[in-house]
Amino acid sequence: MADRTDPSAPQALELADIQGAMLRKRPGPYVGSYLLLRVGTPSDGRRLLARLLPHVASAARWWDPPGGAWLGIALSHSGLRALGVRQESLDSFPAEFIAGMAARAARIGDTGESGPEHWDAPLGSPDVHLVVAAFAADRAACDSLVETVREALRDLPAVQLLHRLEAAQLPNGRTHLGFVDNIGKPNIEGTGAPRDDRAGAAGPGHYGDPPGAGPAVKAGEFVLGYPDQDGVLATQPLPDALRRNGTYVAFRKLHVRVAEFRRYLKENASSTAEEELLAAKMVGRWRSGAPLVLAPSQDDPVLAADAARHNDFSYREQDPEGRRCPVGSHIRRMNPRDSPEVSVDVLRHCILRRSTTYGPELPEGQLTDDGAARGIVFLFMGTDIRRQFEFVKRQWANDGNFAGLETEQDPLTGNREGARTFTVPLPARARRRQYEQLPRFVVTKGGEYLFLPGIRALHWIAGLDR
Ligand code: HEM
């Protein structure tokens, strides 16, 4: 059910009521902990929420969070139930959120090694009720915030801390495969996002549409309570007090096989320069972040570092056939922008990403796996899990048909079930190179569908406004 409104009317967002993690980037550098909690009785769960609420960072105070560190709170459907939310509200959530990520695993390609039966406990179990994220610029500030959470738990025996998952920026500031991340992002109407929110604490005032960010996407695609691209105002979940300024999160723990990736590059290239080009072709950007559309044959670190240019390109105008950035590359699949092969409205399938790395770096040049757990904890956000996250995974990442690539999958994240080829069109017309036998570089270690409520909604769940 939904209301229709004037789609052209921009609306001011209630930034002070929106959790910061939704609209603002994580701090950089960052150290974080995801705390997974089980709530045994509604009363203890609500007491915990009431105690944590003063520490929650809003999108309005992102540059000046309480205590200099960032706290965010999200709940699973079983968590909302455990906190005593009424049945009528519980039933009003979308079916995929109610079912949970583990139940939807086959739809999003979490099969074989990535199947829920292999996930790291307690992810995928009905016991994960609350996920509390504590982030700060350094370990001491993060630990101090985690200690605040532990303190809040001390006389609440019915609430159990099941697991603490640590994340931290790698010393080189990049992700495990050596790529800079957090570059491509939707341009959300009314968010007042700093021009380059990678640049750290830019502070309020550095607003404006980042060059190349594309048309502004209606806020309702990312935050409940505002019109979406079709001018539709969501009317669920119920009541409005719970829904307003909330969103959904696909929380994913993804193990990355770094040695496997390095070996594949080496075995399929004849020089270091060719290895780098193959890595860039798989992603669509050089490891520095420079986009292949603008830097097709060699890396351009100056371009990569220039937020006014590194997103400012058009597939349709500059690379319609994918001879620079392959149609099957990771970024072109994940956000085809104006790519001519795509017939759907891309803005209806945008996702907002927050990624944080976990585990130690594999030493530079090492080609054998050391057995360490390492990867990325992703938060994919949006107001419609099925139309956004699940669509992107199912249609764009794990299927090649939309782009005439038949059974090919995303070269970085594909599960390789029956699809192990990656086609790279070459600059010369009608020529292409096919890479075969791609191994699995990414294995899902767990995940949850969560609801990230607005701050007043957290008060409502805690019973503080009744
Ligand atoms: C471990 C797995 C993954 C790795 C290593 C990875 C890596 C990257 C890199 C290096 C970029 C380019 C830099 C940037 O724009 O931030 C990127 C972009 C992106 N990725 Fe991933 N990614 C992974 C999984 C995923 C998944 C599972 C999704 C979605 C379901 C996704 C969605 C996106 C999107 C939407 C972009 C931006 C595209 C654009 O706007 O141009 N990624 N990723």
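None of the values given here were measured: they were computed from a predicted structure.

Caption draft 1: Examining the coordination of the iron atom of the ligand more closely. Protein coordination of the iron atom of the ligand is limited to a single donor, His330 (NE2), which sits 2.1 Å from the metal. Mapped onto the elements of the fold, histidine 330 is located in helix H12 (residues 330–334).

Caption draft 2: Local environment of the domain arrangement of the protein chain. What the domain assignment reports for the protein chain is domain 1 (2–172 + 229–248 + 452–462) and domain 2 (254–446). Here the C-alpha centre of domain 2 lies 28 Å away from the C-alpha centre of domain 1. Taken together, the two surfaces of domain 1 and domain 2 that pack against each other cover about 3,000 Å², and 48% of this comes from carbon and sulfur. Across the contact surface, domain 1 and domain 2 share five salt bridges. Ionic pairing is found between glutamate 96 and arginine 386, a salt bridge with its closest N-O pair at 3.5 Å. Here domain 1 is connected to domain 2 by 22 residue pairs in polar contact (both at pLDDT 80 or more).

Caption draft 3: Structural context of empty space enclosed by the protein. Evaluation of the coordinates by the stated rule reveals five cavities of 30 Å³ or more. Its volume calculated, the largest cavity comes out at about 320 Å³. If you go around the largest cavity, you meet 27 residues; those closest to its centre are Ala21, Tyr34, Ala133, Phe135 and Leu379. Contributions of two or more residues to the lining of the largest cavity are made by helix H1 (20–23), strand E3 (70–75), strand E4 (130–136), strand E7 (247–256), strand E8 (352–358), strand E9 (375–382) and strand E12 (442–452). Grouping the constituent residues of the lining of the largest cavity by class yields 18 nonpolar, five polar and four charged. Looking at which domains feed residues into the lining of the largest cavity, each of domain 1 (2–172 + 229–248 + 452–462) and domain 2 (254–446) supplies at least three.

Caption draft 4: A look at the site of the ligand. Taken together, 25 residues lie near the ligand, and Asn182, Ile183, Gly184, His330 and Arg337 sit nearest. Here a nitrogen atom of the ligand and a side-chain polar atom of histidine 330 are 2.9 Å apart. The contact in question runs from an oxygen atom of the ligand to an N or O atom on the side chain of arginine 353, over 3.0 Å. When residues of the shell around the ligand are traced back to their parent elements, those giving at least two are E7, H12, E9 and helix H13 (386–397). The class makeup of the residues in the shell around the ligand is 15 nonpolar, five polar and five charged.

Caption draft 5: Molecular detail of the packing of aromatic side chains. Enumeration according to the criterion identifies 18 aromatic pairs in this entry. Taken together through their ring pairs, the aromatic side chains of Tyr30, Tyr34, Phe135 and Phe251 make up a single cluster. Lying across the ring of tyrosine 226, arginine 244 places its NZ or CZ 5.3 Å from the centre. A cation over a ring is seen here: arginine 287 above phenylalanine 179, with NZ or CZ 5.7 Å from the ring centre.

Cut-off values and rules
- Residues numbered from 1 in each chain as written.
- Predicted model: local features only at pLDDT ≥ 70, side-chain atom pairs only at ≥ 80, totals over all residues.
- Heavy atoms only, no water.
- Donors = N, O, S within 2.8 Å, 3.2 Å for Na, K, Ca; no water.
- Helix = DSSP H or I, 4+ residues; strand = E, 2+ residues; numbered from the N terminus.
- Domains from an automatic or database assignment.
- Buried area = accessible area lost by both parts, 1.4 Å probe.
- Salt bridge = Lys/Arg side-chain N within 4 Å of Asp/Glu carboxyl O.
- Polar contact = N/O pair within 3.5 Å; in protein donor to acceptor, adjacent residues only side chain to side chain.
- 1 Å grid on protein atoms, 1.4 Å probe; cavity = no way out; pocket = protein on both sides within 12 Å on 5 of 7 lines; lining within 4 Å.
- Points joined across faces, edges and corners; volume = space filled by probe spheres on them.
- Nonpolar A, V, L, I, M, F, W, Y, C, P; charged D, E, K, R; others polar.
- Near = heavy atom within 4 Å.
- Phe/Tyr/Trp six-rings, centres within 6.5 Å; stacked < 30°, edge-to-face > 60°.
- Lys NZ or Arg CZ within 6 Å of the ring centre and 35° of its normal.

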